[in-house]
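# Remarks on the overall topology
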Amino acid sequence: MDRATFAGLCVLTFLVPWDNTVAFAGLGSLSRLAGAGTLGLGLASVLTNQRVKRPHLFLVIAGAFVVWSALALLWTTNLPATEERVLTYLQVLLLSWLIWQYARTEERLHRLLIAYVLGAYVPALDTIKNYVQGANFFGIGRYTASGFNPNEIAFILALGIPVAWYLTLL
């Protein structure tokens, strides 16, 4: 069960950079579906093995932040936007916990980094394709992948390029 959960975590990490590219009506994005499946595997593995790693201080602080954000639902002036933000924070917290729980070795962490870099190729190549075709132009010389704004692509690459460089140094 541990291996299956880690494999799901690798697939999820691969899908995260191109989250906006593939979506299903009523279900959400492909990465959201993979995340739900991986979380289910992770919880089943924890229940089966009855083994949970002691949470790192980061997870405790992040959990407190999610709770605080959820409390903001009591006084928000924009309920739908706040609900969406709290759900996003909760998803990031759960992903962080999955990584903490199942990427226990340096080798597993490297595999997750490789999955992210490979996943970042999808929107990067789509951006190049759109540039060549003249599609998805956002003003002064800015092209982007389908379903993304230029700032999202910049963020994905700003994370992916240093990680790729780090991996080549191993």
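Just so it is clear, the structure is predicted and the values come from calculations on it, not from any experiment.

Time to look at the confidence of the model for the chain. Summary statistics for the chain give a mean pLDDT of 91 and a share of 99% for residues scoring 70 or more. Across the chain, the element-wise mean pLDDT spans from 72 in strand β1 (residues 23-24) up to 97 in helix α3 (residues 57-71).

In this section: the pattern of salt bridges. Applying the stated criterion across every chain, the model contains four salt bridges. Across the pair Asp 126 and Lys 129 runs a salt bridge whose closest N-O atoms are separated by 3.4 Å. Pair noted here: Asp 126 and Lys 129 are both in helix α5 (residues 106-133), with a separation of three residues, about one helical turn. When salt bridges that share partners are traced, they join Asp 2, Arg 104 and Arg 108 into one network.

Right, let's get into the packing of helix α1 (residues 2-15) against helix α2 (residues 30-49). Interhelical geometry of α1 versus α2 gives an angle of 160° and a closest axis separation of 9 Å. If you check the angle between α1 and α2, you find them roughly antiparallel. Two packed elements cross with a definite hand, and for α1 against α2 that hand is left-handed. On the side of α1, the interface is formed by Asp 2, Ala 4, Thr 5, Gly 8, Leu 9, Leu 12 and Leu 15, while α2 contributes Leu 30, Ser 31, Ala 34, Gly 35, Thr 38, Leu 41, Gly 42 and Ser 45.

Residues Ile 114, Leu 118, Tyr 121, Leu 125, Ile 128, Tyr 131 and Val 132 make up a contiguous nonpolar surface patch of roughly 760 Å² in combined accessible area. Counting through the fold element by element, Val 132 comes out in helix α5.

Our focus in this paragraph is the packing of α1 against helix α4 (residues 79-102). Between α1 and α4, the least distance of the axes is 10 Å, while the angle of their chain directions is 135°. Judged by the angle between their axes, α1 and α4 are oblique. At the point where α1 passes α4, the crossing takes the left-handed sense. On α4, the residues that touch Asp 2, Thr 5, Phe 6, Leu 9 and Leu 12 of α1 are Leu 95, Leu 98, Ile 99 and Tyr 102. When its residues are assigned to classes, the contact of α1 with α4 shows seven nonpolar, one polar and one charged.

Scoring rules and cut-offs
Residues numbered from 1 in each chain as written. Predicted model: local features only at pLDDT ≥ 70, side-chain atom pairs only at ≥ 80, totals over all residues. Heavy atoms only, no water. pLDDT = per-residue confidence, 0-100. Helix = DSSP H or I, 4+ residues; strand = E, 2+ residues; numbered from the N terminus. Salt bridge = Lys/Arg side-chain N within 4 Å of Asp/Glu carboxyl O. Axes fitted to C-alpha atoms, helices over the stretch in contact; angles between N-to-C directions. Parallel < 35°, antiparallel > 145°, perpendicular 65-115°, else oblique. Left-handed = near helix turned anticlockwise from the far one by under 90°. Contact = heavy atoms within 4.5 Å. Patch = residues over 30% accessible without salt bridge, like charges linked within 9 Å, V, L, I, M, F, W, Y side chains within 5 Å. Areas by Shrake-Rupley, 256 points an atom, 1.4 Å probe, with all protein chains shown as cover. Nonpolar A, V, L, I, M, F, W, Y, C, P; charged D, E, K, R; others polar.

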